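An overview of the molecular structure
Spelled out from the first residue to the last, the chains are:
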Amino acid sequence: MIKHIYLDNAATTPVDEVVLNEMLPFFTDVYANPASQYYLGRQASEAVENARKRVADVLGCAPTEVYFTSSGTEANNWAIRGVAFANKDKGNHIITTKVEHHSVLNVCKQLQKEGFEVTYLDVDSDGQICLKQLKDAIKDTTILVSIMAANNEVGTLYPIKEIGKVIAKANKDAKRSEPSHKIYFHTDAVQAIGAVKICVKECHIDLLSLSAHKINGPKGCGALVVRNGVRVGKLIYGGAQERNKRAGTHNMAGIVGLGKAIELAEANREKNAKDIAKNRDYLIQQIRQHIPYTRLNGCAKERLPNNVSFCFYFIEGEGMLIHMDLLGIYCSTGSACASGSLAASHVLVAMGVPIELAHGSIRFTLSKKTTKEELDITVEKLKGIVEKLRAISPLYTKEARARLNDKC
């Protein structure tokens, strides 16, 4: 009997054994500060630069364009605030979407309080943006477009290459030839790295955020790619680490772990994505077959290979989550960063999902180790939980079901 089933890999992933083994010496043997000038410090510095190169090789950029951070959240904050204040003499307008991670949306809301203008693009019922709306939103004062590569809640993949082309064309048409006059393109790629191929040069990306713990690396380490020529201010002040851009003693073991994790993720990306997508589609099919009155959230085709997000009519996601937890099946009602909130998912609301239905959402995110046996158990237990909760729900009436059947 399986003791527990972990289906919340969008929240975090376990550290790969190969990654851990590469990290261990940097806790006990190569422990010197990489900013130190003696031999042990140079050893540590060499490890940092090796990790930097690994990240750059995967993303198609120069190692000097990779800056290590404490997390994807810090990387997003730095990218947006850094560009905003370094370029406020050129404009004060930022474009993003209504379905971004809170580490983007809350930064933008704060910038509005500080005098910046922000346009939040709408999405359709699949969570997808309209490129024409993006084009129409660009104006003379626009300095930054921040659009995620993949949605962390519903798994929708965004056309970042096409978005990059729109921004590049806008720069060309406005004759923004100097880097200091450009509209910059930032993408939060935290969920996309390891699942889809991203080359910053091909996609015209100026800034890209990522995090180690989403790709079987350690928590507490992320990175921000800042292309050469991009004007970005500091977020953290102190020493001269990270080429005087990001102060603070390097998280040696974490950086080494990130470098190894992203290298492994890219090396196995195509096979893992294909295998995981098969299980994803199987889980979607099984839920639809065995549990009535459900709604699949996100694009059916253009979605992350591991993401399965459903809304269940007539019940709340929190109730399902608690019952699943008691059975040793671990999933979520959406973003882990918003797990303490009782508000309906801002992503689902932006997609036009009624608030009462949005409260009935559950997200399963699979890994390369997820088995079909685990998915069968999950569906079997989920079916029983849904039936139990609907039996005591005042919303689950014959009339409500009839209205839903007529609507469908």
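See the structure printed just above.
Everything in this summary refers to the structure shown in the same document.

Thresholds, definitions, all that
Residues numbered from 1 in each chain as written. Predicted model: local features only at pLDDT ≥ 70, side-chain atom pairs only at ≥ 80, totals over all residues. Heavy atoms only, no water. Helix = DSSP H or I, 4+ residues; strand = E, 2+ residues; numbered from the N terminus. Contact = heavy atoms within 4.5 Å. Axes fitted to C-alpha atoms, helices over the stretch in contact; angles between N-to-C directions. Parallel < 35°, antiparallel > 145°, perpendicular 65-115°, else oblique. Left-handed = near helix turned anticlockwise from the far one by under 90°. Phe/Tyr/Trp six-rings, centres within 6.5 Å; stacked < 30°, edge-to-face > 60°. Buried < 20%, exposed > 50% of the residue type's maximum accessible area, 1.4 Å probe, protein only. Lys NZ or Arg CZ within 6 Å of the ring centre and 35° of its normal. Pairing = 2+ DSSP bridges.

Looking at the element boundaries, Arg-269 is found in helix α10 (residues 269-290). The contact partners of Arg-269, leaving out residues within four places of it in the chain, are Gly-194, Ala-195, Val-196 and Lys-197.

Turning to the packing of helix α11 (residues 317-326) against helix α14 (residues 372-391), a few remarks are in order. The N-to-C vectors of α11 and α14 enclose an angle of 130°; their axes lie 10 Å apart at closest approach. Between α11 and α14, the angle falls in the class oblique. The interaxial crossing formed by α11 with α14 has right-handed handedness. Every residue of α14 that contacts α11 at Gly-319, Met-320, His-323 and Met-324 is listed here: Thr-378, Leu-382, Ile-385, Val-386, Lys-388 and Leu-389.

What follows covers the packing of aromatic side chains. If you walk through the whole model with that rule in mind, you get seven aromatic pairs. With a centroid separation of 5.2 Å and an interplanar angle of 80°, the aromatic rings of Phe-85 and Phe-116 are classed as edge-to-face. On the criterion of sequence distance, the pair formed by Phe-85 in helix α4 (residues 72-86) and Phe-116 in the loop between α5 (102-113) and β4 (117-121) is long-range, its members being 31 residues apart. A residue is classified by how much of its surface remains accessible, and Phe-116, at 7% relative accessible area, is buried. The rings of Tyr-293, Tyr-313, Phe-314 and Tyr-396 are connected pair by pair, giving a single aromatic cluster. Arg-243 extends its terminal NZ or CZ atom over the ring of Tyr-67, reaching a point 4.2 Å from the ring centre. Positioned over the ring face of Tyr-396 is Arg-401, at 4.4 Å from the centre of the ring.

With that settled, the discussion passes to the sheet that holds strand β8 (residues 222-226). Strand pairing in a sheet relies on backbone hydrogen bonds, with the paired strands running either antiparallel or parallel. If you walk across this open sheet you meet the seven strands as β2-β8-β7-β6-β5-β3-β4, and the pairing is mixed. Both edges of this open sheet fall to β2 (66-69) and β4, since each of them pairs with a single strand only. Ignoring which end each strand starts from, the neighbouring axes of this sheet average 20° apart. Packing of α4 onto the sheet brings it into contact with β2, β3 (93-97), β5 (142-146), β6 (184-188), β7 (207-211) and β8, and relative to β7 it is tilted by some 160°.

Inspection of the secondary structure assignment puts Val-379 in helix α14. When the C-alpha positions of Val-379 and Lys-139 are compared, they lie 49 Å apart, and in sequence the two are 240 residues distant. Excluding residues that lie within four positions of it along the chain, Val-379 makes contacts with Leu-283, Gln-286, Ile-287 and His-290.

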